[in-house]
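Structural overview
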Protein chains: 2
Amino acid sequence: MKQPKIQAIYGAINGVLGVLHEDLVDLRRENPLSVQKLRETPSAALGTCRYKPSESDYARLLEVFKRHGVRYFLYAGGNDSMDTAHQMARLAAEEKYDLQVMGVPKTVDNDLLVTDHCPGYGSAARFNAIATRDSGLDTDAIYTSDTVKIIETMGRDTGWITASTALAKDSADSAPHLIYLPERPFSPERFLDDVKSVYDRLGRVVVCVCEGLKDDRGEFVQASSKKIDTDRFGHAQLGGVGDYLVNLISENLKIKARYDKPGTIQRVSMICASQTDLAEAYFVGEVAVSEIVDGENDKMVTLTRKSNNPYKFESGLVELDKVSLKTKKVPDEFINPQSNFITDAFLEYGKPLIGGPLPEYAHLRKERVGKLLPPYL
Amino acid sequence: MKQPKIQAIYGAINGVLGVLHEDLVDLRRENPLSVQKLRETPSAALGTCRYKPSESDYARLLEVFKRHGVRYFLYAGGNDSMDTAHQMARLAAEEKYDLQVMGVPKTVDNDLLVTDHCPGYGSAARFNAIATRDSGLDTDAIYTSDTVKIIETMGRDTGWITASTALAKDSADSAPHLIYLPERPFSPERFLDDVKSVYDRLGRVVVCVCEGLKDDRGEFVQASSKKIDTDRFGHAQLGGVGDYLVNLISENLKIKARYDKPGTIQRVSMICASQTDLAEAYFVGEVAVSEIVDGENDKMVTLTRKSNNPYKFESGLVELDKVSLKTKKVPDEFINPQSNFITDAFLEYGKPLIGGPLPEYAHLRKERVGKLLPPYL
């Protein structure tokens, strides 16, 4: 609204679907206070989509842009959305329509290439870090001979979200004790050995796993009763690994286990939003507008980390075709050699992203009273 | 520590198990700042147990109390813990040992009789209310032809926790749309009709269900692959209803569904703690100490609601045998006649308990731009 070159701002309902259907919202007519409050409102106010446009769809999209005089197209999302944006830039160039396209990174999956990280991730990471620490205290408090808890996180193809469960771990023996990422093939035998080893030492285990774990044949690890469904981009709809592992543990180790699966709650929990993430989400939007007005086209805004302590970053740009449809896996240096936890290098990477201090909890000394009786048998 | 009649304060590690094993902590030796911070620390710092003492265990418990000069026994928990406390009072009276016993209500299940509600519930309720509202916004944003979300909450025998998912619902069409409590037998046919009806109207459905749902034969509703385990009080270890309902919907309505299962996170999420609940948890502890010093015995502290607007309550006492091992179900007036949602009377009951205002979110007007093209086909 501050840019004199921009005369109208339209929002598309449910992303490109809104453009296809000409379902456009005049964002200048919104109450400025509502627009301001979007920064603290979870989910996507204009809706989202998971839709891969066909070649004729792209022609229609361009037609809508032409008729409405759209010259700047800013599209927020992950690597699928960046492909949609890139295809629009390509078609407009072919058709010699003067359109500039800018991708704005936003995905909790954190799996876009080139950018250090993606807005959205820091908040999902903060939720998972806090939830895992809290849930670990719950497991600590339970005295039984059988206490294993599985926390199943999101993460279709990558373990970024699962790795974040370690970001609030505050001592060697606190939760999480084991972390399994889809970057490594899952072995039930090694998993059972790992769980047994922690259990024998501590009497309890908190294990964080990614919904997208696959075995060494590349098959999803899940309870056999679970149906696999695929969404419109051909991604498998995941779920069921928590159930599978609970059964695996109870059948093989005779230890009782349970699982938590925060599901979509982990990506919309505004009460756990990272202030750093909120600021960066706004920042990449600002940069995108400023760069597009300055003449940039067919690029995505990136974040480059300048230092960790204090945490500093700056923006950059990358060609859309370098990020579209590509996936950034969690790199080897962030995964331990045993493939059952993350490394200190990951903690260094992740901690600045979850923003602000974590809630502080009491730790009692628990000085024991002297025993006066023979042991209880 | 303020009571001159009390010379020592011992905490038992893992409840009565700590007494049995003489595993006692001298709470006067804790840092006062740590004790203060316990008010904002999730879970149970001294641990908890799920252990039903035998008659010989009770004799041992009394022996430990005698040897350590314990004259006041305060025990916090739910209806099982109140039984343990009551049995101790009974045995001490039989043995003519001068012991006073006071039960302190604390259970997220909110299922103790006589007391208006139980400390712990308000915070679990606040988590579920906020998580359901947030998760509903997530579902709102997704444009597909198939969007049903199940949120599976805790609640062994009662629907108090499940009902709380409605406490942040902010419009007729916002989440949750359907709620199923274990107080009513679950019918797959009626469930599918209900889901279809909301889906046909809104194109999306958020359904909150209790992990303890049972069918009309009294059998738990769950995915058939799921093993049932029982803990030491003979309670079934629940889980699996979310998975079951996802499959039920996809097979019968051909609609894609998913489920969230926050699990233990819902009962330890300090970031969602209700300030009202925190204050009341402290209050019932204060009352318990003051009443026991005044000579009361074999009772539990209760909360009585005096008014809703403004919310006011006062403390009371009830004989332990009136609450031990008994379960307060969600009453009929809190469940709608169709057995698929809660009533306004429940909202009136529950809203004061979740404390303080909820986060406010933006609502856009979404004024549409005029269409200039023929419809997209």
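About the thresholds
- Residues numbered from 1 in each chain as written.
- Chains lettered and ligands numbered in written order.
- Predicted model: local features only at pLDDT ≥ 70, side-chain atom pairs only at ≥ 80, totals over all residues.
- Heavy atoms only, no water.
- Helix = DSSP H or I, 4+ residues; strand = E, 2+ residues; numbered from the N terminus.
- Expected span 1.5 Å × (residues − 1).
- Buried < 20%, exposed > 50% of the residue type's maximum accessible area, 1.4 Å probe, protein only.
- Contact = heavy atoms within 4.5 Å.
- Buried area = accessible area lost by both parts, 1.4 Å probe.
- Salt bridge = Lys/Arg side-chain N within 4 Å of Asp/Glu carboxyl O.
- Polar contact = N/O pair within 3.5 Å; in protein donor to acceptor, adjacent residues only side chain to side chain.
- Pairing = 2+ DSSP bridges.
- Axes fitted to C-alpha atoms, helices over the stretch in contact; angles between N-to-C directions.
- Parallel < 35°, antiparallel > 145°, perpendicular 65-115°, else oblique.
- Nonpolar A, V, L, I, M, F, W, Y, C, P; charged D, E, K, R; others polar.

Concerning unusual backbone geometry
All names here are of chain A. The omega torsion of the bond from Ala 175 to Pro 176 falls at -5°, within 30 degrees of zero and hence cis. With an omega of 5°, the peptide bond running from Asn 309 to Pro 310 counts as cis. For Pro 310, the location among the structural elements is in the loop between strand E13 (299–308) and strand E14 (311–319). Even without glycine at this site, Asn 110 takes up a positive phi of about 60°.

Let's talk about helix H8 (residues 241–253) of chain B
Residue and element names in this part refer to chain B. For H8, spanning 13 residues, the distance from its first C-alpha to its last is 17 Å, which sits close to the expected 18 Å at 1.5 Å a residue. Within H8, burial applies to Val 241, Gly 242, Asp 243, Leu 245, Val 246, Asn 247, Leu 248, Ile 249 and Leu 253. Downstream of H8 by one or two residues, Lys 254 has phi in the positive range, about 55°.

Quick word on the interface of chain A and chain B
At the interface, 89 residues of chain A touch 88 residues of chain B. Summing the contributions of chain A and of chain B, the shared interface buries around 8,700 Å²; its carbon and sulfur component is 53%. For chain A, the biggest contributors to the area lost against chain B are Ile 271, Leu 373 and Tyr 376 of chain A; these three give 9% of the whole. Our count for the chain A to chain B interface comes out at eight salt bridges. Put simply, chain A and chain B have 52 residue pairs in polar contact (both at pLDDT 80 or more) between them. Per-element tally for the side of chain A that touches chain B: the top contributor is helix H5 (residues 121–141) of chain A, with seven residues.

Description of the sheet that holds strand E4 (residues 72–77) of chain B
Residue and element names in this part refer to chain B. Strand order in the open sheet made by the four strands is E4-E5-E13-E14, with mixed pairing throughout. Each edge of the open sheet is held by one strand with a lone partner, namely E4 and strand E14 (311–319). On average, adjacent strands in this sheet sit at an angle of 30° to one another, irrespective of strand direction. With respect to the sheet, helix H10 (residues 275–293) is in contact with E4, strand E5 (100–105), strand E13 (299–308) and E14, its orientation differing from that of E5 by roughly 170°.

Regarding the packing of helix H3 (residues 55–68) of chain B against helix H4 (residues 79–94) of chain B
Residue and element names in this part refer to chain B. Interhelical geometry of H3 versus H4 gives an angle of 70° and a closest axis separation of 10 Å. Classed by the angle they form, the pair H3 and H4 counts as roughly perpendicular. Residue-level contacts link Glu 55, Tyr 58, Ala 59, Leu 61, Leu 62 and Phe 65 of H3 to Asp 83, Thr 84, Gln 87, Met 88, Arg 90, Leu 91 and Ala 92 of H4. Here the contact of H3 with H4 is built from residues that sort into eight nonpolar, two polar and three charged.

So, to be careful, I would describe these as geometric facts and stop short of saying anything about function.
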